[in-house]
Amino acid sequence: MGGWDRVRPSRSTARLGGNSSMNERVQSSRTIRLGRVTPQAPGHRTIFCNDREANSPVRFMGNSISTTKYNFFTFLPKGLFEQFRRVANLYFLTISILSATKISPVSPITNVVPLSLVLFVSLVKEAFEDWKRFQNDMAVNNNLIDVLQDQRWEPIPWKKLQVGDIVRVKQDGFFPADLLFLAGTNPDGVCYTETANLDGETNLKIRKAVERTWDYLTPEKASEFKGEVQCEQPNNSLYTFTGNLILQKQTLPLTPNQIMLRGCSLRNTEYIVGAVIFTGHETKVMMNAMNVPSKRSTFERKLDKLILTLFGVLFTMCLIGAIGSGVFIDRKYYYLALTKSVDDQFNPDNRFLVALLTMFTLITLYSSIIPISLYVSIEMVKFIQSTQFINKDLHMYHTETNTPALARTSNLNEELGQVEYIFSDKTGTLTRNLMEFFKCSIGGEVYGTGVTEIEKGIAQRNGLKVEERNSDNAMHEKGFNFDDARLMRGAWRNEPNPDVCKEFFRCLAICHTVLPEGQESPEKITYQAASPDEAALVTAAKNFGFFFYRRTPTMIYVRESHIEKIGKIQDVSYEILNVLEFNSTRKRQSVVCRYPDGRLVLYCKGADSVIFERLADVSDDLKKVTREHLEQFGSSGLRTLCLAYRDLHPDMYENWNEKFVQAKSSLRDREKKLDEVSELIEKDLILIGCTAIEDKLQEGVPACIETLSRAGIKIWVLTGDKMETAINIAYACNLINNGMKQFMVSSETDAIRAVEDRGDQVEIARFIKEHVKKELKKCLEEAQHHLQTLSGPKLALVIDGKCLMYALDPSLRVMLLNLSLNCTSVVCCRVSPLQKAQVTSLVKKGGQKITLSIGDGANDVSMIQAAHIGIGISGMEGMQAVMASDFAIAQFRFLTDLLLVHGRWSYLRLCKVVTYFFYKNLTFTLTQFWFTFQTGFSGQRFYDDWFQSLYNVIFTALPVIIVGLFDKDVSATLSKKYPQLYREGIRNVFFKWRVVAIWAFFSIYQSLIFYHFVTTSSKSAKNSSGKMFGLWDVSTMAFTCVVVTVNLRLLLMCNSITRWHYISVGGSILAWFVFIFIYSGIMTPMDRQENVYFTIYVLMSTFYFYIAILLVPIVALLGDFVYQGIQRWFFPYDYQIIQEIHRHEIDNTSQTDFLEIGNHLTEAEARRYALSQLPQERSKHTGFAFDSPGYESFFAAQLGIYAPQKAWDVARRASMRSRPKIPLKK
């Protein structure tokens, strides 16, 4: 592809797959899309600066933005459309329409009221969220910006800005659109921008105006500027820009260095002047406002299947009733008065029509079997779980960075409890991303005597003890942890190769894009770097005596010590002629500089694989020694870079520079041409040496990985690092150990190197593919052999990016998947961002496993979006990973709490919520179904319309939400102590069809008890005036029993019971009695309330009512009680065994040691923490102890903590029995 359609591979739409068929073990991987790239329109746009009239025919987009989903006119239609996309809502709409016809036995109110309530709540939530977005948009659109009008700066709102306008942005102000930087107050046309809003990086970026526009700073001068910009069409690539500025018939190339993006802010510069290039929704930041792919949890998909099953049950019940009515209808039942003029629905002459109409009648009658409030309840429960429990968990709060956990979506809470595969980045995720210069190799000599954490780990595995020697010369500051007297304080001059040392230090001090900030002294200066590695290398140069202290667009100033003699310091300025920037394809960075004496040098630093290819054919010994050193550093877990240089002849440089300028001005394929030109000069390099940087493991990573492994979760590490580094990090964090059988699939073999040396690309591809196929086949056979033995070792697979590229080929993908799914740990090294996403999708789609991806950088975004759950680490590499994620945490170790505690609880709670909804609706509807058999299948209703309407939304709604929020089988501490409990979620133990079948069985049993017990016993019951009970007396009695029983059944299923359970269950039953007292006590001629007029008063005046209300629930719940007893005794779940083991212990969840955050609590938090340390009351309701509030003020007073008395404290103490005192912990 060429021109504007070209998109760089590293940012392109990622695809995995093809149409290959997989064997029966693995389903075929469909083609999947990762991320989104906006296609660019052909051609380019031409902008006339400072000339609105010339631009008006093109009709560029305005600068006003809108991020709302709705507007005033679309809110109702679009909002309702969103709601009715849900099958349950659409079903209830159909039922509501049916209930308005004459075939309906129930009033339309029965279905319209609950549906309206559900829709109202959902639309209010949508409106509230959209109103917030609208307010944010208005605030942004009405910000003021200075625009050039009539030779003076006029403030206008951002929304009135147009393409081509000349604007002035002041210090700390935000850029209102994408601007072309013309002039600034700093010398040399330089300004500094902060891009934190764009990519989260707080280090400042340097921007430089084209030299010809530096003068256009004052309004008078700026009004003379009449340039023409020809540039690319709007697109979403943040780091590229291609265009030319035509000024006074001269064409000047424009690069990303001259573009200020909307959303960034101006720093360390009084003001700048710029021309507007892209506005509004065409700015790069707005085109990147990509919605995170909408993810639906696996649980929700299973819930859809359950709803469809309920539809099936409903259809079956209606079919039975319809057939029954067709058979039953007969004129011999003279008392039914089925004369010739009777309605079609009851005309015995057309039995088929009778059956058909009865079918529709029964659909409206049994509509309550589908729980209308289920989705609203689940949404409410998930929302509170994420905002109140996950976001506010102090165990996942990181003090150092003041970062709490953040649930960016509440759709996936329960998915956190079922994760089987974790895909993790290494740098910044498992490690701290705090780089420290640790060792180096210069001219074939290794310097640096420190011992890394990984070397200690290797020694430990081999049973050796490592002693660290810290000399007096050891230097330690942020980015520098080096110990070797031979290089410090000018001692390098006495080394056998002082000239090579000098080149090494100069390369560190010159070859970079770092910006110095603050005072120009070694102690007070700070470096703003694009990556921590760069900052560490410049800091190292400073400590070796080559102090980089000032930068302009064309010069770098270095204070060099001990060059001519020890102790002598001189300031040297190097002219920077060209910077060949680092990118993920080039994997290197070069700088062409001119010394004060006129010497021209190219300094280059990059990955060893790239640098070694470009070395001159001399010093093979040095190459060999340095390669050994690189392997030695890699096996110590250090990150390595090679340094090289080349002296340039002035004529040769001039020729090359012409080509470079030409490539830079090119509007088509600029980056490709720049890469080609760079290749011309980055060759025949002379190797100087290599650097080794340590990136330490994050705190708690090995323990976390071990815990997650015990929970049955398999962890894969996907990293761009070398194989040795990746393997050693895997050892250091317990991912791989010596007891494992390791399979290695590597492209670093002599045979592959020999083929690569011949340079035939087709032959290389064929050879590597064959090699990978052979290795995978051999490993798979060996793995299957190990798996067949009972006590076989655990398996681990290590594969590099080059082999992975061929292994992901459709013909080998099945073999790779089968092998990797049998391994406990997998390490993929040297992988690209696209490969990370492909591997994740392979397991997700091919293996049908629930996956979680965790990373911290922009290169992890595609992997995060490809997995079921994406977790972003808010770390050193900006916020792009967090912005694309579903959950954000500050440290890898917080995964333990997120998955084993919150994930597990959420899964357990939502399983209970759904199965309970299913049970209570089925039970209620079946009582109506049994009644149909006694009414000749006529569709006569058993319950009053309002009973049916309010059953789901008032009489049984609140308790199930309380269970969804507060039910807790074991405490957080025990969840982490016994991670094996998590396996129940992976196996989906609590939401299987077997579980649903058991609930359905008890629904049928209880509905038979309610119906037959009440109807049979009421035949002999009489009211106070001696009359028999009628239909509405019996149905009111049965409904009372249903409400009482289903609410009490909820308490039976709870693992922990708090006061909220009592309040909600008691409140729901009380709500029913309050309602029926009022409802049956009034009557108006406009409704059907004469059916139940005064029934409850008549019922409650009889002894029968109290006997029934006592016996029916007991008999109905007896079956559940016996089943739960047998199940707990003979077939216990894992968590029930843990409950029994710890049943005498007090739940210490709230008494966990909070030392990490102790010093950062507010007064109110400190009081809450102190209260949490008090002894807790033991629960009387289960075989296990749970949190319940009690005796706080009493114990608090004893410990001298202020806690206001609460009413229930007083009431409880008044009725408190004497019990043994709990000794206070000292």
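Residues numbered from 1 in each chain as written. Predicted model: local features only at pLDDT ≥ 70, side-chain atom pairs only at ≥ 80, totals over all residues. Heavy atoms only, no water.

As annotated in an unreviewed UniProt entry, the protein chain carries the name Phospholipid-transporting ATPase and comes from Carya illinoinensis. Regarding the protein chain, the relevant UniProt record gives this comment under Catalytic activity (unreviewed entry): "ATP + H2O + phospholipidSide 1 = ADP + phosphate + phospholipidSide 2." Quoted verbatim from the Cofactor (unreviewed entry) heading of the UniProt record, the comment on the protein chain is "Mg(2+)". (UniProt positions renumbered as here; feature names shortened; annotations may be inferred.)

Caption draft 1: A look at the overall build of the protein chain. Each helix and strand counted, the protein chain has 41 helices and 37 strands in total. Looking at the protein chain residue by residue over its 1226 residues, the buried ones come to 56%. Restricting to contacts in the protein chain with at least 6 residues of sequence separation, those with at least 24 account for 73%. With the model as given, the accessible surface of the protein chain reaches about 54200 Å², and the carbon-plus-sulfur share is 57%. (Helix = DSSP H or I, 4+ residues; strand = E, 2+ residues; numbered from the N terminus. Buried < 20%, exposed > 50% of the residue type's maximum accessible area, 1.4 Å probe, protein only. Contact = heavy atoms within 4.5 Å. Areas by Shrake-Rupley, 256 points an atom, 1.4 Å probe, with all protein chains shown as cover.)

Caption draft 2: Summary view of the pattern of salt bridges. In the structure shown here, the tally under the stated rule is 42 salt bridges. The shortest N-O distance in the salt bridge between Glu 300 and Lys 382 comes to 3.3 Å. Of this pair, Glu 300 sits in helix α8 (residues 298-328) while Lys 382 sits in helix α10 (residues 374-390), and the two are 82 residues apart along the sequence. Each member of the pair, Glu 300 as well as Lys 382, carries the same accessibility label: buried. Taking the shortest distance from any N to any O, the salt bridge between Lys 836 and Asp 425 comes out at 3.2 Å. In this pair, Lys 836 sits in helix α24 (residues 833-846) while Asp 425 sits in the loop between β17 (421-424) and β18 (431-442), placing the two residues 411 residues apart along the sequence. One exposure class covers both Lys 836 and Asp 425, and it is buried. It is possible to trace a salt-bridge network through shared partners that takes in Arg 588, Glu 613, Arg 614, Glu 679 and Glu 682. (Salt bridge = Lys/Arg side-chain N within 4 Å of Asp/Glu carboxyl O.)

Caption draft 3: Molecular detail of empty space enclosed by the protein. On inspection of all chains with the given rule, the structure shows four cavities of 30 Å³ or more. Roughly 70 Å³ of internal volume is contained in the largest cavity. What lines the largest cavity is Phe 92, Thr 110, Asn 111, Pro 114, Ser 367, Ser 368, Ile 372, Gln 948, Ser 949 and Asn 952. (1 Å grid on protein atoms, 1.4 Å probe; cavity = no way out; pocket = protein on both sides within 12 Å on 5 of 7 lines; lining within 4 Å. Points joined across faces, edges and corners; volume = space filled by probe spheres on them.)

Caption draft 4: Examining the sheet that holds strand β11 (residues 243-247) more closely. A sheet is described by the order of its strands in space; here four strands give the open sequence β3-β10-β11-β12, paired in antiparallel fashion. Sheet topology places β3 (45-48) and β12 (250-254) at the edges, where each strand pairs with a single neighbour. Sheet twist, expressed as the average angle between the axes of neighbouring strands with direction ignored, equals 20 degrees. Where β11 meets β12, five bridges bridge the pair, whose relative direction is antiparallel. Along β12, the bridge assignment pairs Leu 247 with Gln 250. (Pairing = 2+ DSSP bridges. Axes fitted to C-alpha atoms, helices over the stretch in contact; angles between N-to-C directions.)

Caption draft 5: Representation of the nonpolar core. Counting residues in each nonpolar core, the largest one holds 108 residues, and the members touching the most others are Phe 947, Phe 1039 and Trp 1072. In terms of residue count, helix α27 (residues 895-932) provides more of this core than any other element does, 16 residues in total. Those residues in contact with Trp 1072 that sit more than four places away from it in its chain are Phe 947, Phe 955, Thr 1036, Phe 1039, Thr 1040 and Val 1043. If you look at the next biggest cluster of nonpolar residues, it comprises 50 residues, including Leu 487, Met 488, Ala 535 and Ala 536. (Core = buried A, V, L, I, M, F, W, Y, C linked by side-chain atoms within 4.5 Å.)

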